[in-house]
Amino acid sequence: MSQTRKSVEPYQTLRMFYEELGDKDKLLGFSILCAIMSPNDVEEWIRLAELSLEWNDLSMAVTCYGRAIRCEPNNLDYMWTRSNLYEQMGETKKLIEQLGNILNGLKPDDGELYFHVARKLTQVLHDDHQIEKATDVMWNAFVKHDAWINVEDINFLLELLMKRRFYAKGVKVLCDNCGISFEPSLLSAHPEDSQDFLNGLKQSRQCVVPNGAPIDLTVKLIVCLIHLDCPHLTEELIGPLLEESPEAMGDLYLDVAEAFMEMSMYSKATPLIATLTTTEKYNLGAVWLRYGECLGLLGRLDEAVDAYFRVIDLAPSHLQARLALSGLLQQLGRSEEALSILNQDDEDGDSQLEPQLLLQRCNLLYSHQIWDEFIRVSKLLHSMHINWPANPSQIGEYNYSVKSHRFRALIKSKDDEDLGFSDNGVSVGELWNHYQKFCQTLFDLKRFEELETASKVSITSNVFARDENIVKECDFLRLLSCYFNRNSIDAYTFVKKEICKDVNNNRLWNLFGHIVSTMQDLRHNRFCLRLMAKHQDHLALELLNGHNALIVGSYKHALGEYMAVFKVRPEDALVNLCVGLVFTHMTCQKFSGKKHSLAIQACAFLDRYVALRGEGQETYYNLGRAMHQLGLLYAAEHYYLKEIGRAHV
């Protein structure tokens with residue numbers, strides 16, 4: 001070894017010695033060296049792969065078989081062994097790739113082996129939910145080597161085609177491989193995916209199935225014909241199925257019945273399902289559910305109700321059955337029963353609540369105007385995504401500058417256990433629509449305190465937080481609820497935030513004025529002044545600052561703000577009235593100079609106000625009040641009399 005370092009023979013000799021001595025560690029090490037030093041020696045790689053399998057080292061064995069395949073690319077035995085190793089390791093993707101390589105390497109006359117590999121590859125693809133690829137593999141096997149097709153292959157291919165809704169191809173496979181024919185024969189000249197093929201199928205009067213044909217293939221033929229809208233061809237084919245025991249062949253009965261239901265042929269599906277309900281094996285909730293669906297769609301409501309009650313007896317927590325039964329009872333006018341079916345043991349701490357049942361129950365309560373129960377169940381429904389406070393007084397502790405997750409922790413009751421909800425939830429749209437209906441109901445009932453609570457806790461909803469439009473709607477709803485509940489402090493906080501977001505929204509400014517008029521403090525003065533620094537040409541802000549200055553007696557400041565608005569909108573009656581009132585107050589001040597000039601200017605602007613606004617009770621009363629304040633009592637009397645319609649002009 002020291003003289004000929006690149007020679008593999010000494011390493012092979014040492015490997016033999018260690019193998020005879022039973023030293024497995026040294027044997028494996030020298031086997032690896034021998035394989036690496038002879039990269040093109042297939043036997044070395046295979047020997048190392050077998051040794052790796054003895055050590056249960058599947059990854060090493062796969063690598064060794066891969067090197068062996070490089071040396072002999074056409075050796076299918078190595079490929080097949082490697083695919084088996086991939087299967088043991090759970091490497092589905094690599095297994096599919098390896099089996100595909102085997103198929104590509106087969107010769108045209110290897111039909112039996114081709115089908116053997118194709119079956120395994122199709123099964124792997126099917127288990128991996130790659131239905132399209134699985135169908136293509138099996139279809140190619142049918143086309144290339146039809147001499148090796150058996151009944152199991154036909155059955156498997158039909159299942160794949162039916163999952164992909166290729167029913168015409170399924171009929172074609174049965175005609176080509178099972179001796180099934182149609183009279184008159186109008187199909188052979190057309191490809192199975194053409195409209196002519198379908199037209200020929202519909203024009204056929206009879207489907208002929210050879211004697212001894214497997215019943216499962218016959219059933220698949222019936223299902224394909226039903227989906228191709230050829231039910232007239234299935235009437236004779238169903239006879240052999242009905243001769244079979246429903247206890248043993250119930251799954252085939254159910255396949256045909258479900259095909260009829262998918263094509264809305266409920267009258268044909270009902271007898272088949274009714275037969276299954278009499279058996280012991282298929283007397284199940286799922287079968288009774290199908291039976292109830294058929295009866296309900298056929299208008300046999302009383303029988304459908306009995307079927308759904310049977311489903312609930314067999315499966316008390318079945319969601320779909322409860323919803324359907326509630327709807328049927330509602331149609332029959334049995335409203336109390338419809339509501340009782342939707343009841344859940346929420347008061348008893350049931351660990352699983354069904355949101356869809358709660359939503360349906362809310363809709364029924366709303367339609368029957370049972371408001372107290374509607375509100376209670378609505379709160380329970382929205383507790384799946386909203387944390388309701390244990391005590392409404394906790395809402396008052398909310399600091400509006402904190403984050404929503406801190407608010408969740410604030411209103412979370414310490415001794416309140418979370419209600420569990422099942423995964424069968426309702427959509428965000430359904431929750432939002434019901435939440436709006438819930439809030440509208442509270443508003444119509446004038447339960448403004450509850451409306452305020454419901455609107456404020458919506459901030460804790462992770463469901464609503466995902467939609468920006470819903471978040472905006474919730475913010476505005478909180479504002480309105482505080483306003484209607486006469487909570488001017490919180491309403492002011494909310495409207496202030498909304499105005500900062502959209503300073504040019506006239507509706508918000510009008511609402512701001514309403515809220516400020518009910519407040520007992522003057523915090524809004526500082527807010528308007530600060531906002532004015534950012535938006536210096538904003539008319540609404542200038543007008544509000546003028547009002548605030550007028551109220552506190554800062555008449556010169558008020559006059560400056562009003563005149564800034566007057567320059568932009570000189571024809572606005574309100575602005576002229578405000579300017580006239582400022583001059584009136586300045587005239588009445590004790591230490592003001594040039595009172596005559598101020599009074600004249602006040603009268604001038606008040607006259608403009610009357611001209612712009614028009615004569616009427618409002619303008620006469622305002623002029624009378626101004627003259628009264630100026631001490632011109634005769635003029636004040638004149639306008640007061642005109643306001644009440646008794647003036648002598």
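Re the overall build of the chain
Across its full length, the chain holds 34 helices and two strands. In the chain, buried positions account for 45% of the 649 residues. The long-range share in the chain, meaning contacts at least 24 apart out of those at least 6 apart in sequence, stands at 54%. Put simply, the chain shows about 34900 Å² of open surface, and 50% of that area lies on carbon and sulfur atoms.

Observations regarding the packing of helix H31 (residues 573-588) against helix H33 (residues 617-630)
Between two packed helices, what matters for the description is the angle formed by their axes and the separation of those axes. Following both chains from N to C, one finds H31 and H33 inclined at 15°, their axes separated by 9 Å at the closest point. Considering their axes alone, H31 and H33 lie roughly parallel with respect to each other. Considering the relative orientation of H31 and H33, their crossing is left-handed. Contact residues: H31 offers Leu577, Thr584, His585, Thr587 and Cys588, while H33 offers Asn622, Ala626, Gln629 and Leu630. Residues of the contact of H31 with H33, tallied by class, amount to four nonpolar, five polar and no charged.

Examining the environment of asparagine 462
Tracing the sequence through the fold places asparagine 462 in the loop between helix H24 (448-456) and helix H25 (468-484). Of the residues examined, asparagine 462 reaches a relative accessible area of 46% and is grouped as partly exposed. For the pair asparagine 462 and isoleucine 386, spaced 76 residues apart in sequence, the C-alpha separation works out to 7.9 Å.

Quick look at the nonpolar core
If you look at the biggest cluster of nonpolar residues, it comprises 136 residues, and the most contacted ones within it are Val171, Phe438 and Phe464. Take this core: its biggest share by element is nine residues, from helix H12 (residues 215-227). In this structure, phenylalanine 438 is in contact with Phe374, Ile375, Ser378, Lys379, Trp388 and Ala454, ignoring residues within four places of it in sequence. Ranked by size, the runner-up nonpolar core spans 21 residues in total, among them Cys482, Ile499, Trp509 and Leu531.

Quick look at the confidence of the model for the chain
Per-residue confidence for the chain gives a mean pLDDT of 84, with 85% of residues at or over 70. Confidence over residues 399-403 falls short of pLDDT 50; this stretch has five contacts with residues more than four positions distant or in other chains. For the stretch residues 412-418, pLDDT sits under 50, and the model shows three contacts to residues farther than four places along the chain or on other chains.

A word on helix H14 (residues 250-262)
Along an α-helix, residues three or four positions apart point the same way, because every turn accommodates 3.6 residues. Compared with the 18 Å implied by 1.5 Å per residue over 13 residues, the 18 Å span of H14 between its first and last C-alpha is a close match. Along H14, the positions that sit buried rather than exposed are Gly250, Leu252, Tyr253, Leu254, Val256, Ala257, Ala259, Phe260 and Met261. Turning to H14, the residues buried within the fold contact H12, helix H13 (238-243), helix H15 (266-277) and helix H16 (285-297). Of the residues trailing H14, serine 264 is marked for its positive phi of about 65°.

Side note on the packing of aromatic side chains
Per the counting criterion, the structure on display carries 20 aromatic pairs. Seen from their ring centres, tyrosine 492 and phenylalanine 527 are 6.4 Å apart, and the 85° between their planes marks the pair as edge-to-face. Taken together, the positions of tyrosine 492 in helix H26 (residues 488-501) and phenylalanine 527 in helix H28 (residues 523-534) put the pair 35 residues apart, joining distant regions of the chain. On the accessibility criterion, tyrosine 492 (2% relative accessible area) is buried.

A look at the pattern of salt bridges
It is possible for side chains bearing opposite charge to pair when their charged atoms get close. Under the counting rule described, the total for this entry stands at 23 salt bridges. As a salt-bridge pair, arginine 334 and glutamate 337 come within 2.8 Å of each other at their nearest N and O atoms. Under the relative-accessibility criterion, glutamate 337 is labelled partly exposed at 32%. Here the residues in one salt-bridge network are Asp372, Lys379, Arg447 and Glu450, joined through shared partners.

Examining the environment of asparagine 487
Mapped onto the fold, asparagine 487 is located in the loop between H25 and H26. The spatial distance from the C-alpha of asparagine 487 to the C-alpha of glutamate 452 is 9.1 Å, given a sequence separation of 35 residues. A distance of 2.8 Å separates a polar atom in the side chain of asparagine 487 from a polar atom in the side chain of aspartate 490.

Quick word on the side chain of histidine 385
Relative to the helices and strands, histidine 385 is located in the loop between helix H21 (371-382) and helix H22 (404-411). Reaching out from histidine 385, the side chain makes a polar contact with the side chain of histidine 382 at a distance of 3.0 Å. In this structure the side chain of histidine 385 is engaged in a polar contact, spanning 2.6 Å, whose partner is the side chain of serine 461. Residues in contact with histidine 385, not counting those within four places in the same chain, are Leu431, Thr460, Ser461, Asn462, Val463 and Phe464.

As for a nonpolar patch on the surface
There is a patch of nonpolar side chains on the surface, built from Leu522, Ile551 and Val552 and spanning about 310 Å² of accessible area. Mapped onto the elements, valine 552 comes out in helix H29 (residues 539-552).

Observations concerning the side chain of asparagine 75
Assignment of secondary structure puts asparagine 75 in the loop between helix H4 (58-71) and helix H5 (76-89). Overall, the relative accessible area of 16% leaves asparagine 75 in the buried class. A polar side-chain atom of asparagine 75 sits 2.9 Å from a polar atom in the side chain of glutamate 72. At 3.3 Å, the side chain of asparagine 75 forms a polar contact with the backbone nitrogen of tyrosine 78.

Notes on the packing of H31 against helix H32 (residues 595-613)
Closest axis-to-axis distance for the H31/H32 pair is 8 Å, and the angle between their directions is 160°. Between H31 and H32, the angle is such that the two are roughly antiparallel. Where H31 crosses over H32, the two elements pack in a sense that is left-handed. Each of Ala573, Asn576, Leu577, Val579, Gly580, Phe583, Thr584, Met586, Thr587 and Cys588 in H31 lies in contact with H32, whose residues at this interface are Lys595, Leu598, Ala599, Gln601, Ala602, Phe605, Leu606, Arg608, Tyr609, Leu612 and Arg613. Looking at the contact of H31 with H32, its residues break down into 13 nonpolar, five polar and three charged.

Scoring rules and cut-offs
Residues numbered from 1 in each chain as written. Predicted model: local features only at pLDDT ≥ 70, side-chain atom pairs only at ≥ 80, totals over all residues. Heavy atoms only, no water. Helix = DSSP H or I, 4+ residues; strand = E, 2+ residues; numbered from the N terminus. Buried < 20%, exposed > 50% of the residue type's maximum accessible area, 1.4 Å probe, protein only. Contact = heavy atoms within 4.5 Å. Areas by Shrake-Rupley, 256 points an atom, 1.4 Å probe, with all protein chains shown as cover. Axes fitted to C-alpha atoms, helices over the stretch in contact; angles between N-to-C directions. Parallel < 35°, antiparallel > 145°, perpendicular 65-115°, else oblique. Left-handed = near helix turned anticlockwise from the far one by under 90°. Nonpolar A, V, L, I, M, F, W, Y, C, P; charged D, E, K, R; others polar. Core = buried A, V, L, I, M, F, W, Y, C linked by side-chain atoms within 4.5 Å. pLDDT = per-residue confidence, 0-100. Expected span 1.5 Å × (residues − 1). Phe/Tyr/Trp six-rings, centres within 6.5 Å; stacked < 30°, edge-to-face > 60°. Salt bridge = Lys/Arg side-chain N within 4 Å of Asp/Glu carboxyl O. Polar contact = N/O pair within 3.5 Å; in protein donor to acceptor, adjacent residues only side chain to side chain. Patch = residues over 30% accessible without salt bridge, like charges linked within 9 Å, V, L, I, M, F, W, Y side chains within 5 Å.

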